[in-house]
Amino acid sequence: MRTVVVIGGGASGLFAAIGAAEKGNKVYLFEKNEKLGKKIYITGKERCNLTNNTDIQEFLKNVVRNPKFLYTSMNVLSVEKTLSFFKTNGLPVKTERGNRVFPVSDKASDITKTLEKICVKNGVNIFLNKKVIDIIVKDGVVKGIKTKEGLFQCDSVIVCTGGISYSKTGSDGDGYKFAEKTGHTVIPLKPALCGIEIKENFCSKLQGLSLKNVVLSAHYKGKTVFSEFGEMLFTHYGISGPIVLSCSSMINRSEISKITLLLDLKPALSNEILDKRFIRDFSDGRLKSVSTILISALPKSLIPIILEISGIPSWKKCSEITSCERKNLVYTIKNLKMNIKNLRPIEEAIITSGGVDVKQINPKTMESKIVKGLFFAGEVVDIDSYTGGFNLQTAFSTGYLAGLNS
Ligand SMILES: Cc1cc2nc3c(=O)[nH]c(=O)nc-3n(C[C@H](O)[C@H](O)[C@H](O)COP(=O)(O)OP(=O)(O)OC[C@H]3O[C@@H](n4cnc5c(N)ncnc54)[C@H](O)[C@@H]3O)c2cc1C
């Protein structure tokens, strides 16, 4: 019987402990907090979007970094198996819009409770308020871990310490230190799934305005590096909302200050069709001001901003708008330009992008290629995905695979 230590009682750590216990190991789970799964409690607005009910091909399209690395783990603990795991362990789940899966109870705490219950049932020894401060390695082999109470010998260690975002939940970057100290490369950490700070001050004027059915695209050195249709909103610092979060994940490893964002407020209409619509609207409302006529086309708070950028005085009558002004208006509506100041701080990001280099981890076992008996799973690894339940599923699957092989 091997002795396995799991560091971190979050999404990946709980599944790692379950996997390791299923294999008949003696399992010790060390969690620095007073309770397990603190981050799980705040996921999915406290409802926990635990996975995405889709096939593996579609699933991996939503993994931004290193999707191929996940083939084995996503086969060993697939979405299907995850769903049946929770159902057979007394937690019914439901699938909502966008294939997002939630517990029927709509309580994230039920996920943690279920995982804890299975750990206890499988004989996992859970130590709360126990921060691991070091991993002991000798001649390239794991020998144990260290807490402030002393050394703890073991045959395997699974590092499930999460990222560095929302550090109050316990994930404050210890895993990266362990990885570096044991000879691993940590790919630079970046905020992902976060808001974007914009240089133009019109965003703060629009604070609170949310937009549906728009396209946000990101452009770097003449290339379109991101483009997505959906919802977003303006905030005091710039922009946020679903398509902005996805955009942040795609651009966070580029030269942020050189990226231009373009917002198409009318993606369903071509420039020509929008122009024809304005010709008709302006002719019907000849004596009205352009800002009055635009109310049928744009949210009210956007109108003065769009007109200012287009160089059209808002009091101007429709009959006085020149064709050049009209073309400028169409162009601005289809290409509202925003320059990026920065991404929001990593502490606020839903996910930490970067982490232990996947080249140094065996994807079939999650074991380090550098230190025998050392495993990494979950957000500490350089894998990150879009929203929709993909990040938790990845943590579950990589954790479980590491546990089975520890
Ligand atoms: C607000 C928010 C909402 C989210 N919503 C969703 C969602 O709905 N769906 C989804 O798929 N993803 C969501 N995510 C992302 C998801 O929560 C994470 O990707 C996932 O929790 C990562 O799991 P993990 O086990 O790697 O890390 P964590 O869940 O962060 O767990 C790490 C654990 O390790 C412990 N730990 C750290 N260092 C030590 C140490 N030295 N000793 C002992 N213990 C230690 C920590 O206390 C923590 O409990 C959300 C994230 C946030 C911030």
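Our structure is the block above this text.
This one's a predicted model, so the numbers in the text were calculated from it and none came from an experiment.

Considering the overall build of the protein
Next up, step 1: When you go through the protein residue by residue, the secondary structure sums to 14 helices and 21 strands.
Next up, step 2: Along the three orthogonal principal directions, the C-alpha set of the protein runs to about 85 × 40 × 35 Å.
Next up, step 3: Burial statistics for the protein: of 406 residues in total, 55% are counted as buried.
Next up, step 4: Counting only contacts in the protein whose residues sit at least 6 apart along the sequence, the fraction spanning at least 24 positions is 72%.
Next up, step 5: Accessible area for the protein stands at about 17,900 Å²; split by element, carbon and sulfur atoms hold 52% of it.
Next up, step 6: Averaging the positions of the 57 positive and the 38 negative side-chain charges in the protein gives two centres separated by 1 Å.

A word on helix H1 (residues 11-22)
Next up, step 1: If you check H1, its first and last C-alpha atoms are 17 Å apart, about what 12 residues at 1.5 Å a residue would give, namely 16 Å.
Next up, step 2: In terms of burial, H1 is largely enclosed, as 11 of its 12 residues are buried.
Next up, step 3: The first or second residue beyond H1 is Gly 24, which carries a positive phi of 85 degrees.

Some words on the site of the ligand
Next up, step 1: Around the ligand lies a shell of 35 residues, among which Ser 12, Glu 31, Asp 174, Glu 379 and Leu 392 are the nearest.
Next up, step 2: At 2.9 Å from a nitrogen atom of the ligand is found a main-chain nitrogen or oxygen belonging to Asn 49.
Next up, step 3: Here an oxygen atom of the ligand and a backbone polar atom of Gly 389 are 3.5 Å apart.
Next up, step 4: Bound to the protein, the ligand loses 95% of the 1,000 Å² it would expose on its own.
Next up, step 5: Going through the elements one at a time, H1, helix H2 (38-42), helix H7 (174-181) and helix H14 (390-405) are the ones with two or more residues in the shell around the ligand.
Next up, step 6: No other element matches the four residues that H14 contributes to the shell around the ligand.
Next up, step 7: For the shell around the ligand, a count of residues per class yields 13 nonpolar, 15 polar and seven charged.

Section: the pattern of salt bridges
Next up, step 1: Tallying each qualifying case throughout the model produces 25 salt bridges.
Next up, step 2: Residue Lys 131 pairs with Asp 174 through a salt bridge whose shortest N-O separation is 3.0 Å. Note that Lys 131 is positioned in the loop between strand E7 (125-127) and strand E8 (132-138) and Asp 174 in helix H7, a separation of 43 residues in sequence.
Next up, step 3: For Lys 131, a relative accessible area of 37% gives the class partly exposed.
Next up, step 4: Owing to a relative accessible area of 11%, Asp 174 belongs among the buried residues under this scheme.
Next up, step 5: Two residues, Asp 384 and Arg 253, come together in a salt bridge whose shortest N-O distance is 3.9 Å.

Section: the sheet that holds E8
Next up, step 1: Taking strand neighbours across the sheet as the criterion, the three strands line up as E8-E9-E10 in an open arrangement whose pairing is antiparallel. Taken across any chain shown, the strands that pair with only one partner, and hence form the sheet edges, are E8 and strand E10 (150-153). Strand-to-strand twist in this sheet, taken as the mean axis angle between neighbours without regard to direction, amounts to 30 degrees.
Next up, step 2: Bridge analysis of strand E9 (residues 141-147) against E10 gives four bridges, and the strand direction is antiparallel. Paired with Gly 144 across the two strands is Gln 153, which belongs to E10.

Describing the packing of helix H10 (residues 271-284) against helix H13 (residues 323-334)
Next up, step 1: One way to put it is that H10 packs onto H13 with a least axis distance of 10 Å and a crossing angle of 130 degrees. Of the possible angle classes, the one that applies to H10 and H13 is oblique. The way H10 lies across H13 gives a crossing that is right-handed. On H13, the residues that touch Asn 271, Leu 274, Asp 275, Phe 278, Ile 279 and Phe 282 of H10 are Arg 326, Lys 327, Leu 329, Val 330, Ile 333 and Lys 334.
Next up, step 2: Here the contact of H10 with H13 is built from residues that sort into seven nonpolar, one polar and four charged.

Points about the packing of aromatic side chains
Next up, step 1: Going through the model one piece at a time under the given rule, you end up with 12 aromatic pairs.
Next up, step 2: Between Tyr 28 and Phe 127, the aromatic rings sit 6.0 Å apart at their centres with planes inclined by 15 degrees, giving stacked as the arrangement. With Tyr 28 in strand E2 (residues 26-30) and Phe 127 in strand E7, the pair connects residues that are 99 residues apart, well separated along the chain.
Next up, step 3: By relative accessible area, Phe 127 is classed as partly exposed at 29%.
Next up, step 4: Considering the side-chain rings of Phe 30 and Phe 152, the 5.4 Å spacing of their centres and the 75 degrees angle between planes classify their relative orientation as edge-to-face. Linking Phe 30 in strand E2 with Phe 152 in strand E10, this pair joins segments that are 122 residues apart in sequence.
Next up, step 5: Relative accessible area serves as the criterion here: at 4%, Phe 30 is assigned to the buried category.

Conventions and cut-offs
Residues numbered from 1 in each chain as written. Predicted model: local features only at pLDDT ≥ 70, side-chain atom pairs only at ≥ 80, totals over all residues. Heavy atoms only, no water. Helix = DSSP H or I, 4+ residues; strand = E, 2+ residues; numbered from the N terminus. Buried < 20%, exposed > 50% of the residue type's maximum accessible area, 1.4 Å probe, protein only. Contact = heavy atoms within 4.5 Å. Areas by Shrake-Rupley, 256 points an atom, 1.4 Å probe, with all protein chains shown as cover. Lys, Arg positive; Asp, Glu negative; His and termini not counted. Charge placed at Lys NZ, Arg CZ, Asp CG, Glu CD. Expected span 1.5 Å × (residues − 1). Near = heavy atom within 4 Å. Polar contact = N/O pair within 3.5 Å; in protein donor to acceptor, adjacent residues only side chain to side chain. Nonpolar A, V, L, I, M, F, W, Y, C, P; charged D, E, K, R; others polar. Salt bridge = Lys/Arg side-chain N within 4 Å of Asp/Glu carboxyl O. Pairing = 2+ DSSP bridges. Axes fitted to C-alpha atoms, helices over the stretch in contact; angles between N-to-C directions. Parallel < 35°, antiparallel > 145°, perpendicular 65-115°, else oblique. Left-handed = near helix turned anticlockwise from the far one by under 90°. Phe/Tyr/Trp six-rings, centres within 6.5 Å; stacked < 30°, edge-to-face > 60°.

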